[in-house]
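Here is what each chain is made of, one letter per residue.
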Amino acid sequence: MITHVGVVGAGTMGVGVSQAFAAGGLRVTLVDVAESILDNARARIGLDARMATMFGGPAPDEVVDRIAFTTDLAALSTAGFVVENVTENPAVKAGVYRDLDALCKPACLFGVNTSAIPITRIAGHTNRPDRVIGTHFMNPAQLKPMVEVIRAFHTSKETVDATVGLLAAIGKETAVVNDSPGFVTNRVAMLTVNEAICLLEEGVAPAAEIDRLFVRCFNHRMGPLATADLIGLDTVLYSLDVLLDNFNDPKFRPAQLLRRYVDAGLLGRKSGRGFFTYTDTPAGVLA
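Definitions and cut-offs
- Residues numbered from 1 in each chain as written.
- Predicted model: local features only at pLDDT ≥ 70, side-chain atom pairs only at ≥ 80, totals over all residues.
- Heavy atoms only, no water.
- Pairing = 2+ DSSP bridges.
- Helix = DSSP H or I, 4+ residues; strand = E, 2+ residues; numbered from the N terminus.
- Axes fitted to C-alpha atoms, helices over the stretch in contact; angles between N-to-C directions.
- Core = buried A, V, L, I, M, F, W, Y, C linked by side-chain atoms within 4.5 Å.
- Buried < 20%, exposed > 50% of the residue type's maximum accessible area, 1.4 Å probe, protein only.
- Contact = heavy atoms within 4.5 Å.
- 1 Å grid on protein atoms, 1.4 Å probe; cavity = no way out; pocket = protein on both sides within 12 Å on 5 of 7 lines; lining within 4 Å.
- Points joined across faces, edges and corners; volume = space filled by probe spheres on them.
- Nonpolar A, V, L, I, M, F, W, Y, C, P; charged D, E, K, R; others polar.
- Phe/Tyr/Trp six-rings, centres within 6.5 Å; stacked < 30°, edge-to-face > 60°.
- Lys NZ or Arg CZ within 6 Å of the ring centre and 35° of its normal.
- Salt bridge = Lys/Arg side-chain N within 4 Å of Asp/Glu carboxyl O.

1. What about the sheet that holds strand β3 (residues 67-70)?
The strand order across the open sheet formed by eight strands is β3-β2-β1-β4-β5-β6-β7-β8, and the pairing between neighbours is mixed. Each having just a single partner strand, β3 and β8 (173-178) make up the two edges of the open sheet. When strand polarity is set aside, the average angle formed by the axes of neighbouring strands in this sheet is 25 degrees. Two strands pair when backbone bridges link them, and strand β5 (residues 109-112) and strand β6 (residues 132-136) are joined in this way by three bridges, in the parallel orientation.

2. Digging into the nonpolar core
Counting 50 residues, the largest nonpolar core has Val82, Leu100, Leu258 and Phe275 as the members making the most contacts within it. For this core, the secondary structure elements donating two or more residues are α4 (90-103), β5, α5 (119-123), α7 (185-201), α8 (207-218), α9 (224-231), α10 (233-247) and α11 (256-263). Dropping the residues within four chain positions of it, leucine 258 is found in contact with Asn194, Ile197, Leu233, Val236, Leu237 and Leu240.

3. Some words on the layout of surface pockets
Quantified by volume, the second largest pocket comes out at close to 360 Å³. Forming the walls of the second largest pocket are 20 residues, and the residues nearest its centre are Gly9, Ala10, Asp32, Val33 and Val86. Mapped by element, the contributors of at least two residues to the lining of the second largest pocket are α1 (12-23) and α4. Ranked by residues supplied to the lining of the second largest pocket, first place goes to α1 with three residues. Looking at the lining of the second largest pocket, its residues break down into eleven nonpolar, seven polar and two charged.

4. As for unusual backbone geometry
Along the chain, asparagine 139 connects to proline 140 via a cis peptide bond; the corresponding omega equals 0 degrees. Its place among the elements puts proline 140 in the loop between β6 and β7 (146-151). Phi at phenylalanine 183 takes a positive value of approximately 60 degrees, unusual for a residue other than glycine. Checked against the element boundaries, phenylalanine 183 lands in the loop between β8 and α7. In this structure phenylalanine 183 comes out as buried when scored by relative accessible area, which is 4%. Non-glycine residue asparagine 248 carries a positive phi angle of around 50 degrees. Within the secondary structure layout, asparagine 248 lies in the loop between α10 and α11.

5. What about the packing of aromatic side chains?
Summed over all chains, the structure comprises five aromatic pairs. Residues phenylalanine 247 and phenylalanine 252 carry aromatic rings whose centres are separated by 5.5 Å and whose planes lie at 25 degrees to one another, so their mutual orientation is stacked. Since its relative accessible area comes to 28%, phenylalanine 247 is described here as partly exposed. Across from the ring centre of phenylalanine 69, 4.3 Å away, lies the NZ or CZ of arginine 42, which sits over that ring.

6. A few points about the pattern of salt bridges
Enumeration over the complete set of coordinates arrives at eleven salt bridges. In this structure, the salt-bridge partner of aspartate 130 is arginine 131, at a minimum N-O distance of 3.3 Å. Residue aspartate 130 is classed as partly exposed on the basis of its relative accessible area, which comes to 30%. Classification of arginine 131 as partly exposed rests on a relative accessible area of 22%. A salt bridge links aspartate 241 to arginine 259; its shortest N-O distance comes to 2.8 Å. With aspartate 241 in helix α10 and arginine 259 in helix α11, the pair connects residues that are 18 residues apart, well separated along the chain.

Quick look at the structure:
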């Protein structure tokens, strides 16, 4: 039985994933490279946990007290499951998995939280490909009811069953899919987001009207441009680049406006401005 979960990366996704597991009663170790990032993560989790009490969530102190915040990756040596949430960059992820493979106990399972990178490719950087699985949490991870679970080429049935069981224990539904760049969700969603950005760039409609059409006509909870801001425009760009590289299909070519926004540091909610402007972004919170 898994009782200790490690989380690598204390940005937006890592914060949500840590809170989800801690609120579910598990001991969590959250690792990042700087104390300042961890301080921001601790503050954000405390704030979000207080808000969750209005909907029946556990006491905020209980949630935060279940999480150890550290810059020492070796603190994950006793974890039974590790979820990695670092930047959507294959080279960076490869280095993290080589380190994790050397530090974690042999039975530990690795959950890859990526928007588009094939899980089989990441598993190839370890000596335990049968114990590597995709765990695609959606943002905000602590609130979304479902996780897309990706079975890589070598992922064992035991790993799939253990992952589904662990997520069920914290109240998450799962859909298990086979490995493919972008999986099911982002292979479709990134195309929609990119086309919406193209429409904006071409002057077909302003951002608010593009999103209003999706909300009012299709009953979406938010439009594609607000969704991109929530994901992070840098992550959207990385994901499209991965899809373009893997499929060699020009339909995945990122809009030039997206590249300009990322170059300008307009990354969405986490930077305070993307296709819309935000005033509630916690300082220093990174994806």
